[in-house]
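These are the residues of each chain, in order.
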Amino acid sequence: MASDDVANLADSIAKTQVDEGELSYKGQGLKLDNAQSVEKMVRAIQEFDGLRALRLEGNTIGVEAAQTIAKALEKKSDLQCCHWSDMFTGRLRAEIPPALVSLGDALIMAGARLKVLDLSDNAFGPDGVKGIEKLLKSATCHTLQELRLNNCGMGIGGGKILAAALTVCHKESSALGAPLQLKVFIAGRNRLENDGATALAQAFQLIGSLEEVHMPQNGINYQGVTALATAMQHNPQLRVLNLNDNTFTKRGAIAMAQALKHLRNVQVINFGDCLVRSEGASAISETLREGLPILKELNLSFGEITKDAALEVARSVQHKDQLEILDLNGIITHTNRKKHRIIVRIYLQTSKQSASQVWLSNRWCENKVNVYLFTYFPSPDKLLRLGAKRSFLLQQQVDVLDASKTAEAFLKISSVYKEDDAEVKAAVLESIDAVLSKAFLTPSFQGLSFMSSLLVMLGLLKVQTFSLVYFFRFTWKCHVTKIGHECDLMLISTQLLLLNPDCGADLGLHQHYIITTLH
């Protein structure tokens, strides 16, 4: 190999993550159109002995580039994991199937035995499923354990093709004495609807080895839900069932409740936004009383459930020692002939607190006001009633990846601060510490977005006039969080009024309010 070739290969590998048999180009944003554009990648693949995982997600690959990569994969018999999500951004839909066929044929030719195939977020539609049909039917996928096809736009047609391919795979692998043992199936946001879901349910019933099924947002109604419920009974190792944002109605929920009675290993159930209704919730309550001994999470939020039905669910989990989250957001109550929704989400600490301690038979909470009620209508009294676990509850409630929501939570907690009330003062500081600690310890937390949101909410900054020119930076010792971090924050300077007189009048008063709030 010439010295220039060695240098080029070294440079390629330096930009590529290589770890225990994995070659990763994840998230590099490469636009790979032709053979020339993938020369370095192909060389790295060829030179990688014992290649077991190839990550191509977060790039965009054309037909010619895919064919060239495929050529390099024809001799990679050790390959087990193909992480190929989001790799056709900006490509014509017609380009995707031939690219997938080339890559699939290469894996078959190599005699690879896949364990993980991830093609999520590729939006390839039914034609894309045809592009992997041959691969899924082949011996290469007889060993498949995880199939991830989230957000691919498969539609009903694609769902049927996929179901047929998995059925063939299972039958042919079974004939060889080693049946397909698929454990994880993910296909959210695919518009599968009833027919697609029913076809897949038949395949699931045959496979019988599933441990995780994620099929949210697929437009599945009770007919498809009922078919899936029947299939789940034949998968005794099922641990996670996520059908969020489909439409169960009473009939689907009752069918699913009956199916769950046959399963002993389920840990996570997500039927949020599924319109299970009160009758369905009651049926699920009966199942909870009789089975599901190791359940950890249950989500029945926004399912048109009344308060009485929600209480029935709550009582049914009071002996679930491993339960950590009971999500009953959006419970319906009627007062003064008006419909209202109550926001309720319960977090339990497994070893210290049982569901019976949180829920009483005729009251919502024992010596607590739910954290949602505080955040919607904050008051010192409600904060104190959250009890000793207020920091934990507030931490769990706030999504720190959303800078605006973090700022809103910060201000709501701060709004009940009382300098002359030691108990309230301590509760506020403790709660702020908890929320900001979680935020600043999260690597992806957007500190500057947090500060700009905070300033907008305080009325010190108008969104339409926002510009970093109006700010100066300074380093502030973040003593509130008690974690010793120095955070780059922004405060309005006196130059703001000179640069943009419309942004505010009494800057000194506002600055005083900010500092008071932060302290």
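Note that the structure is predicted; figures quoted are calculated from it, not measured. Sequence order as written defines residue numbering, which begins from 1 separately in each chain. Whole-chain, interface and lining totals are the exception, using all residues; otherwise, since this is a predicted model, local features are given only for residues with pLDDT of at least 70 and side-chain atom pairs are given and counted only at 80 or more. For side-chain calculations, the full set of non-hydrogen atoms in the structure is used, while hydrogens and water are omitted.

1. Considerations on the overall build of the chain
When its secondary structure is counted, the chain shows 20 helices and 19 strands. For each residue, the accessible area found with a 1.4 Å probe, counting protein chains only, is set against the maximum for its type, and the residue is called buried under 20%, exposed over 50%, and partly exposed in between. Taken over 519 residues, the chain has a buried fraction of 50%. Whether two residues touch is decided by their heavy atoms; if any such pair falls within 4.5 Å, the residues are in contact. Sequence-distant contacts, at least 24 apart, represent 76% of the contacts inside the chain between residues at least 6 apart. Method for areas: the Shrake-Rupley scheme with a 1.4 Å probe, in which residue coverage is limited to the protein chains shown. As presented, the chain carries roughly 23500 Å² of accessible surface, and 49% of it is formed by carbon and sulfur atoms. Strands here are runs of E lasting at least two residues and helices are runs of H or I lasting at least four, both read from the DSSP assignment and numbered beginning at the N terminus.

2. Side note on the side chain of Asn 244
Turning to its location among the elements, Asn 244 is positioned in the loop between β11 (240–242) and α9 (249–260). Judged by relative accessible area, which is 17%, Asn 244 ranks as buried. Reaching out from Asn 244, the side chain makes a polar contact with the side chain of Asn 270 at a distance of 3.0 Å. If sequence neighbours within four positions are ignored, Asn 244 has contacts with Pro 216, Gln 217, Asn 270, Gly 272, Asp 273, Cys 274 and Asn 299. Polar contact criterion, stated in full: a pair of N or O atoms within 3.5 Å, where within protein one must be able to donate a hydrogen and the other to accept it, and residues adjacent in sequence count only if both atoms are side-chain atoms.

3. Topic: the packing of helix α10 (residues 277–290) against helix α11 (residues 307–316)
Here an axis means a line fitted to C-alpha atoms, over the contact stretch when the element is a helix, while the angle between two N-to-C directions is reported on a 0 to 180 degree scale. Viewed as axis vectors pointing N to C, α10 and α11 meet at an angle of 10 degrees, and their least axial separation amounts to 8 Å. Here α10 is positioned roughly parallel relative to α11, judged by the angle of their axes. Across the interface between the two elements, Ser 278, Ala 281, Ser 282, Ser 285, Leu 288 and Arg 289 from α10 touch Ala 309, Glu 312, Val 313 and Ser 316 from α11. Note on residue classes: Ala, Val, Leu, Ile, Met, Phe, Trp, Tyr, Cys and Pro are nonpolar, Asp, Glu, Lys and Arg are charged, and everything else, Gly too, is polar. In terms of residue class, the contact of α10 with α11 is made up of 4 nonpolar, 4 polar and 2 charged. Relative orientations are named as follows: roughly parallel for angles under 35 degrees, roughly antiparallel for angles over 145 degrees, roughly perpendicular for angles from 65 to 115 degrees, and oblique for any other angle.

4. Things to note about α10
Spanning 14 residues, α10 covers 20 Å between terminal C-alpha atoms, matching the ideal 20 Å at 1.5 Å per step. For α10, the set of buried residues is Ser 278, Gly 280, Ala 281, Ala 283, Ile 284, Ser 285, Thr 287 and Leu 288. On its buried side, α10 packs onto α9, β13 (297–299) and α11. Just downstream of α10 lies Leu 292, where phi reads positive at about 50 degrees. Take the number of residues in a helix, subtract one, and multiply by 1.5 Å to get its expected span.

5. Remarks on the side chain of Ser 102
For Ser 102, the position within the fold is in helix α4 (residues 96–110). Discounting residues that sit within four places of it in the chain, Ser 102 has contacts with Gln 67 and Ala 70.

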